[in-house]
Amino acid sequence: MMIMRHAFWMALCLSVASPLFAQAPEATSLFVARILDARTERPIEQASILLPELGRTARSDARGNLRLTELPAGKYIAMVRAVGYDSLVFAIDLARSDTAEADLMLTPITQRLATVKVEATGGMLAARMAEYEDRKKVGLGQFMDSTVFQEFPGTPLADVLSRRFPGPRFRGGRCVVVDGIPIGSDPNLVLPEEIAAVEVHTRASVPARYGGTTGTGCGIFIVVWRKLR
């Protein structure tokens, strides 16, 4: 009887004392932004922001304001999109218990006459993709242009890649580069209708500039070139 009573009091003491030893919740950070038109500085409603590494997203309200709460400290790539505007890719650097604020300016997609747009875009796109064309000619990597996406309308880029280039080479770490800018590991951040061309490389064939900027932990490098607006 004494043993049972002793055990009861020990359990009671532990249950009372346990909150004293409970681990404090991890400190988190907050990101607050206003999404504005770069020309008029008017707020943009229903713009979306995505942090692919965390899988976090939010949309702006009628005043262009958006919030991402309870974010762990660290450096992240973010992408902002809105209908009628070019996408914006940028970096967020958050300290513990930090509140980061930013005004993010989106550039409207310029509407041009069809004949002028074709001539201007053709020349600029050819110049920007000169390296792509050179690598394609010598076969350094795997390549596909926008005509491939006509075979898979509305299909995310990752699925198109798996169908076009099936096999184990797409297992493991991936690094995605869009117009020369590393954006993380998710190729689906780029809309299929925006894509002019894609090249896929292993460590053996990746151009030095992309292999050096995206880190050494990548087994596959997906380099995306977007159409000029």
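All values derive from a computational prediction rather than experimental measurement. (Residues numbered from 1 in each chain as written. Predicted model: local features only at pLDDT ≥ 70, side-chain atom pairs only at ≥ 80, totals over all residues. Heavy atoms only, no water.)

Novice: Summarise the overall build of the protein chain; cite the residues concerned and give the values.
Specialist: For the protein chain, the helix and strand inventory stands at 6 helices and 12 strands. Per-residue burial over the protein chain gives 35% buried out of 229 residues. Once local pairs closer than 6 in sequence are excluded, the contacts in the protein chain between residues at least 24 apart make up 60%. Of the roughly 13700 Å² of accessible surface on the protein chain, a fraction of 56% belongs to carbon and sulfur atoms. (Helix = DSSP H or I, 4+ residues; strand = E, 2+ residues; numbered from the N terminus. Buried < 20%, exposed > 50% of the residue type's maximum accessible area, 1.4 Å probe, protein only. Contact = heavy atoms within 4.5 Å. Areas by Shrake-Rupley, 256 points an atom, 1.4 Å probe, with all protein chains shown as cover.)

Novice: How would you sum up the sheet that holds strand 4 (residues 65–71)? Please name residues and give values.
Specialist: Strand order in the open sheet formed by 3 strands is 4-1-7, with mixed pairing between adjacent strands. In the strand order of this sheet, the two ends are held by strand 4 and strand 7 (99–106), each with one partner. Recorded for the sheet is a direction-independent mean angle of 20° between the axes of neighbouring strands. Bridging between strand 1 (residues 29–37) and strand 7 involves 8 bridges; their strand directions are parallel. Note on strand 7: the bridge partner recorded for L30 is T99. (Pairing = 2+ DSSP bridges. Axes fitted to C-alpha atoms, helices over the stretch in contact; angles between N-to-C directions.)

Novice: Which residues make up the side chain of T155, and what values do they have?
Specialist: Here T155 shows up in the loop between helix 4 (147–151) and helix 5 (157–164). For T155, the side chain forms a polar contact with the main-chain oxygen of F152, separated by 3.1 Å. (Polar contact = N/O pair within 3.5 Å; in protein donor to acceptor, adjacent residues only side chain to side chain.)

Novice: How would you sum up the packing of aromatic side chains? Please name residues and give values.
Specialist: For the structure on display, the rule yields 1 aromatic pair. Residues F31 and F90 carry aromatic rings whose centres are separated by 6.3 Å and whose planes lie at 35° to one another, so their mutual orientation is tilted. Taken together, the residues span a long stretch of sequence, with F31 in strand 1 and F90 in strand 6 (residues 88–94) at a distance of 59 residues. Since its relative accessible area comes to 16%, F90 is described here as buried. (Phe/Tyr/Trp six-rings, centres within 6.5 Å; stacked < 30°, edge-to-face > 60°.)

Novice: For the sheet that holds strand 9 (residues 174–178), give the residues involved together with the corresponding values.
Specialist: Pairing is mixed in the open sheet, where 5 strands are placed in the order 8-11-12-9-10. Unpaired on one side and paired on the other, strand 8 (142–145) and strand 10 (181–184) mark the two borders of the sheet. Between one strand axis and the next, the sheet turns through 20° on average, direction left out of account. Across 7 bridges, the pairing between strand 11 (residues 195–202) and strand 12 (residues 220–226) is antiparallel. In the strand pairing of strand 12, A197 is matched with W225. Packed onto the sheet, helix 3 (residues 130–138) meets strand 8, strand 11 and strand 12 and runs at close to 125° relative to strand 8.

Novice: So what's going on with helix 5? Which residues, and what values?
Specialist: By the burial criterion, the buried members of helix 5 are L157, A158, V160 and L161. With its buried residues spanning 160° around the axis, helix 5 presents them on a single face. (Arc of directions from axis to C-beta.)

Novice: How would you explain the pattern of salt bridges if you had to name every residue and give the values?
Specialist: For the structure shown, the criterion picks out 2 salt bridges. Between R34 and D103 there is a salt bridge, with its nearest N and O atoms 3.0 Å apart. Of the two residues, R34 sits in strand 1 while D103 sits in strand 7, which places them 69 residues apart along the sequence. When its relative accessible area of 37% is taken as the criterion, R34 is described as partly exposed. E151 serves as the salt-bridge partner of R164, at 3.9 Å between the closest nitrogen and oxygen. Residue R164 is located in helix 5, and its partner E151 is located in helix 4; the two are separated by 13 residues in the primary sequence. (Salt bridge = Lys/Arg side-chain N within 4 Å of Asp/Glu carboxyl O.)

Novice: Before we move on, can you summarise the environment of S185 with the specific residues and values?
Specialist: As for its placement among the helices and strands, S185 is situated in the loop between strand 10 and strand 11. For S185, a relative accessible area of 41% translates into the label partly exposed. Remark: the alpha-carbon pair of S185 and C175, spanning 10 residues in sequence, is separated by 4.7 Å. Apart from residues lying up to four places away in sequence, S185 is in contact with R174 and V176.

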